[in-house]
Amino acid sequence: VQDHKLMKEQLAFLKKHQVEVIGISTDRDQTEWADYLKSKNYHWDNVREVDDYEERASKSMYINVFPTYILIDKQGKILYRTFSFTEVMKY
């Protein structure tokens, strides 16, 4: 949640540098998740995984700790992976 506040503050900077933020959530309660996003006024794409665990994007991307940040270039190559938004900004 603390990183979300930093992300919100840096969103214009990220967009200026052609960085798109996409949040992936594993929250189980759709209503609670949607209400949380709305109440925090987050202006980046957010998706919630609801399918079978074996088919989840987070599993195929080896995300087992939250938060995990992955910087991916336009060709789909992973450039950087970290657990800290501050480290993303340094990169």
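That block above? That's the structure.
This one's a predicted model, so the numbers in the text were calculated from it and none came from an experiment.

A. Structural context of helix 1 (residues 2-16). Between the first and last C-alpha of helix 1 there are 22 Å, a value that for 15 residues agrees with the 21 Å anticipated at 1.5 Å per step. The largest bend along helix 1 measures about 55° and falls at glutamine 10. Among the residues of helix 1, Asp3, Met7, Leu11 and Leu14 are the ones counted as buried. Residues of helix 1 that are buried sit in contact with strand 3 (69-72) and helix 4 (85-90). Where helix 1 ends, the next residue or the one after it, glutamine 18, has phi of about 60°, a positive value.

B. The arrangement of the pattern of salt bridges in detail. One pass over the structure, following the stated rule, counts one salt bridge. A salt bridge links lysine 90 to glutamate 87; its shortest N-O distance comes to 3.4 Å. With a gap of three residues between them, lysine 90 and glutamate 87 both fall in helix 4, about one helical turn apart. A relative accessible area of 61% places lysine 90 in the exposed class. By relative accessible area, glutamate 87 is classed as partly exposed at 29%.

C. Broad picture of the environment of lysine 8. Tracing the backbone through its elements, the reader meets lysine 8 in helix 1. Take lysine 8: its relative accessible area is 38%, and that puts it in the partly exposed class. Expressed as a C-alpha distance, the spacing of lysine 8 and tyrosine 42, which sit 34 residues apart in the sequence, is 6.6 Å. Setting aside anything within four residues of it in sequence, one finds lysine 8 in contact with Lys40, Asn41, Tyr42 and Trp44. There is a polar contact of 2.8 Å between the side chain of lysine 8 and the backbone oxygen of lysine 40.

D. Representation of the packing of aromatic side chains. Scanning the model with the defined rule gives four aromatic pairs in all. On the numbers, 5.9 Å between centres and 55° between planes, the contact of tyrosine 69 with phenylalanine 85 is tilted. In this pair, tyrosine 69 is assigned in strand 3 and phenylalanine 85 in helix 4, connecting sequence segments 16 residues apart. With a centroid separation of 4.6 Å and 15° between ring planes, the pair formed by tyrosine 80 and tyrosine 91 is classed as stacked. Placement of the pair is tyrosine 80 in strand 4 (residues 78-82) and tyrosine 91 in the segment after helix 4, with a sequence separation of eleven residues.

E. The arrangement of unusual backbone geometry in detail. Cis peptide bonds are those with omega within 30 degrees of zero, and the linkage from phenylalanine 66 to proline 67 qualifies with 0°. If you trace the backbone, proline 67 turns up in the loop between helix 3 (57-60) and strand 3. The phi torsion at tyrosine 62 lies on the positive side, around 60°, for a residue other than glycine. Relative to the helices and strands, tyrosine 62 is located in the loop between helix 3 and strand 3. Judged by relative accessible area, which is 66%, tyrosine 62 ranks as exposed.

Reading the values: the criteria
Residues numbered from 1 in each chain as written. Predicted model: local features only at pLDDT ≥ 70, side-chain atom pairs only at ≥ 80, totals over all residues. Heavy atoms only, no water. Helix = DSSP H or I, 4+ residues; strand = E, 2+ residues; numbered from the N terminus. Expected span 1.5 Å × (residues − 1). Bend = angle between axes of the 7 residues up to and from the residue. Buried < 20%, exposed > 50% of the residue type's maximum accessible area, 1.4 Å probe, protein only. Contact = heavy atoms within 4.5 Å. Salt bridge = Lys/Arg side-chain N within 4 Å of Asp/Glu carboxyl O. Polar contact = N/O pair within 3.5 Å; in protein donor to acceptor, adjacent residues only side chain to side chain. Phe/Tyr/Trp six-rings, centres within 6.5 Å; stacked < 30°, edge-to-face > 60°.

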